[in-house]
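Architecture and fold: a report
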Amino acid sequence: MQEEVTAAGNEISDSFRAAKHRSDQVLAELDKNPSRYTMLTGDRPTGRLHLGHYFGSIRERVQMQNRGVHTNIVIADYQVITDRDTTEHIRDNVLNLVLDYLAAGIDPKKTMIFTHSSTPAENQLLLPFLSLVTEAELHRNPTVKAEMEASGHTLTGLLLTYPVHQACDILFCKANVVPIGKDNLPHVELTRTIARRFDERYPGQAPVFPEPDAILSDTPEIPGLDGRKMSKSYGNSIMLGATAEETAKLIRKSPTDSERRITFDPVNRPQVSALLTTAGLVTDRRPEDIAEEIGDAGSGALKAYVTKSVNEFLAPHRERRAELAKDMDTVRDILVEGNKRANQIAEETLDQVRSAMGMRY
């Protein structure tokens, strides 16, 4: 049994190494000819965006956009109900996502921002795509298992099939690069499988779908202020749109330990190290150097340093966000225009799918 577990671990490791090698190759090609690439990424509107979102994905989206990649962001409102029984506050959450995107540097003239619920043709791809995967393949997806266990929610049909729904997001706009973290690699692999199986089952003069490549982030997992994974549900996240006072209060309440000397030791001192990691990200310094600088000044000095650093880093974002929030009609218009563009693309792709399947009457 131990040999089987070890073999499985090695297989996963080998698979990840191969994916990382391919990711590095694609990034090198992308830098040379960015206009050949189309990117799709997105967020579920379950609350406000936090620093983990910024360093884990938002910053990369802005960089991709500014390189000249065709960038698209889906606000996955339908996926809110994969593990939740209510859509309360969803409209407010969606508009706040758009505000944070714009404040972070997303340009709606270069990046299409749209919602699931406003692009029916994209969602209609789910039907033919579901015929290309087996029940066993859906149950094997580790992210589905993790989402179900974390939420304590009964496994719904939508939760089971949401990796296929994500394939619709990626393929409807013919995205060929998808920036993700390591945990989401199985989703891109399933999307590649769906694209390949569709084109094999319904061969035409040319393939309908590309097989997208994963762009694996080099950013390590960003811990929350309590040392656990940064998560809105844990209340350990610094929201991009929070005020300086709210941020200071949150950091002040964050747990540390009884040792006075500050050291960076994620294994033995996760809470202190989480604060140091946060400070390192926003100041572009090594957490070890910050720890050495604070030394015996203790957790109070550390929290003061983190508070000052985070608030200085987020000040421009907050200022832009506040200015944008004065004109919510324009924010809503940006989303309406993005939905309109997404619908046009989705209708064209759905028409190609119908033609390939012989379903144009």
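Residues numbered from 1 in each chain as written. Predicted model: local features only at pLDDT ≥ 70, side-chain atom pairs only at ≥ 80, totals over all residues. Heavy atoms only, no water.

An unreviewed UniProt entry lists the protein chain under the name Tryptophan--tRNA ligase, with Bifidobacterium apousia as the source organism. You can read under Catalytic activity (unreviewed entry) in the UniProt record for the protein chain the words "tRNA(Trp) + L-tryptophan + ATP = L-tryptophyl-tRNA(Trp) + AMP + diphosphate + H(+)". Entered under Sequence similarities (unreviewed entry) in the UniProt record, the comment concerning the protein chain runs "Belongs to the class-I aminoacyl-tRNA synthetase family." (UniProt positions renumbered as here; feature names shortened; annotations may be inferred.)

Detailed reading of predicted coordinates is not advised where the pLDDT is low. The pLDDT averaged across the protein chain works out to 91; a share of 95% of its residues lies at or above 70. Segment residues 1-9: pLDDT under 50, and 0 contacts once partners within four positions in sequence are set aside and those in other chains are kept. (pLDDT = per-residue confidence, 0-100. Contact = heavy atoms within 4.5 Å.)

Now for the pattern of salt bridges. Applying the stated rule across the entire model yields 25 salt bridges. Note that Asp-257 and Arg-269 form a salt bridge whose closest N and O atoms lie 2.8 Å from each other. A residue pair is termed long-range when its members are at least 10 positions apart, and Asp-257 in the loop between helix H10 (244-253) and helix H11 (270-283) and Arg-269 in the loop between H10 and H11 qualify at 12 residues. For Asp-257, a relative accessible area of 31% translates into the label partly exposed. Residue classification places Arg-269 among the buried residues on the basis of a relative accessible area of 4%. When the shortest N-O distance is used, the salt bridge between Arg-360 and Asp-351 registers 3.4 Å. Judged by its relative accessible area of 55%, Arg-360 falls in the exposed class. Each of Arg-22, Glu-29, Arg-192, Arg-196, Glu-211 and Asp-213 takes part in one network of salt bridges that share partners. (Salt bridge = Lys/Arg side-chain N within 4 Å of Asp/Glu carboxyl O. Helix = DSSP H or I, 4+ residues; strand = E, 2+ residues; numbered from the N terminus. Buried < 20%, exposed > 50% of the residue type's maximum accessible area, 1.4 Å probe, protein only.)

Attention now moves to the nonpolar core. Within the largest apolar cluster, 42 residues are counted, with the highest numbers of intra-cluster contacts made by Leu-51, Ile-75, Tyr-101, Ile-113 and Leu-302. Of all the secondary-structure elements, those providing two or more residues to this core are helix H2 (51-67), strand S2 (70-75), helix H3 (90-104), H11, helix H12 (287-294), helix H13 (298-324) and helix H14 (328-357). The greatest single-element share of this core, amounting to 8 residues, is contributed by H3. The two domains that each donate at least three residues to this core are domain 1 (14-222 + 328-357) and domain 2 (242-326). Apart from the residues within four sequence positions on either side, Ile-113 is in contact with Ile-73, Ile-75, Val-98, Tyr-101, Ile-106, Ile-334, Leu-335, Gly-338 and Asn-339. Ranked by size, the runner-up nonpolar core spans 38 residues in total, among them Val-133, Ile-194, Tyr-202 and Val-353. (Core = buried A, V, L, I, M, F, W, Y, C linked by side-chain atoms within 4.5 Å. Domains from an automatic or database assignment.)

Another point: H12. Among all positions of H12, only Pro-287, Ile-290, Ala-291 and Ile-294 are buried. Each buried residue of H12 sits inside an arc of 100° when the element is viewed along its axis, so together they form one side. Seen from the open side of H12, the exposed residues pointing more than 90 degrees away from its buried face are Glu-292 and Glu-293. Those residues of H12 hidden inside the fold are in contact with H11 and H13. Residue Gly-295 follows H12 closely and has a positive phi angle near 55°. (Arc of directions from axis to C-beta.)

What the domain assignment lists for the protein chain is domain 1 (14-222 + 328-357) and domain 2 (242-326). Of note, the centres of domain 1 and domain 2, computed from C-alpha atoms alone, are 32 Å apart. In this assembly, 13 residues from domain 1 lie in contact with 12 residues from domain 2. Interface area lost by domain 1 to domain 2 is led by Leu-51, Phe-55 and Ala-103, which between them contribute 44%. Counting every contact that joins domain 1 to domain 2 gives 1 salt bridge. Between Arg-321 and Asp-100 there is a salt bridge, and its shortest N-O distance comes to 2.8 Å. Between the two partners, domain 1 and domain 2, sit 4 residue pairs in polar contact (both at pLDDT 80 or more). (Buried area = accessible area lost by both parts, 1.4 Å probe. Polar contact = N/O pair within 3.5 Å; in protein donor to acceptor, adjacent residues only side chain to side chain.)

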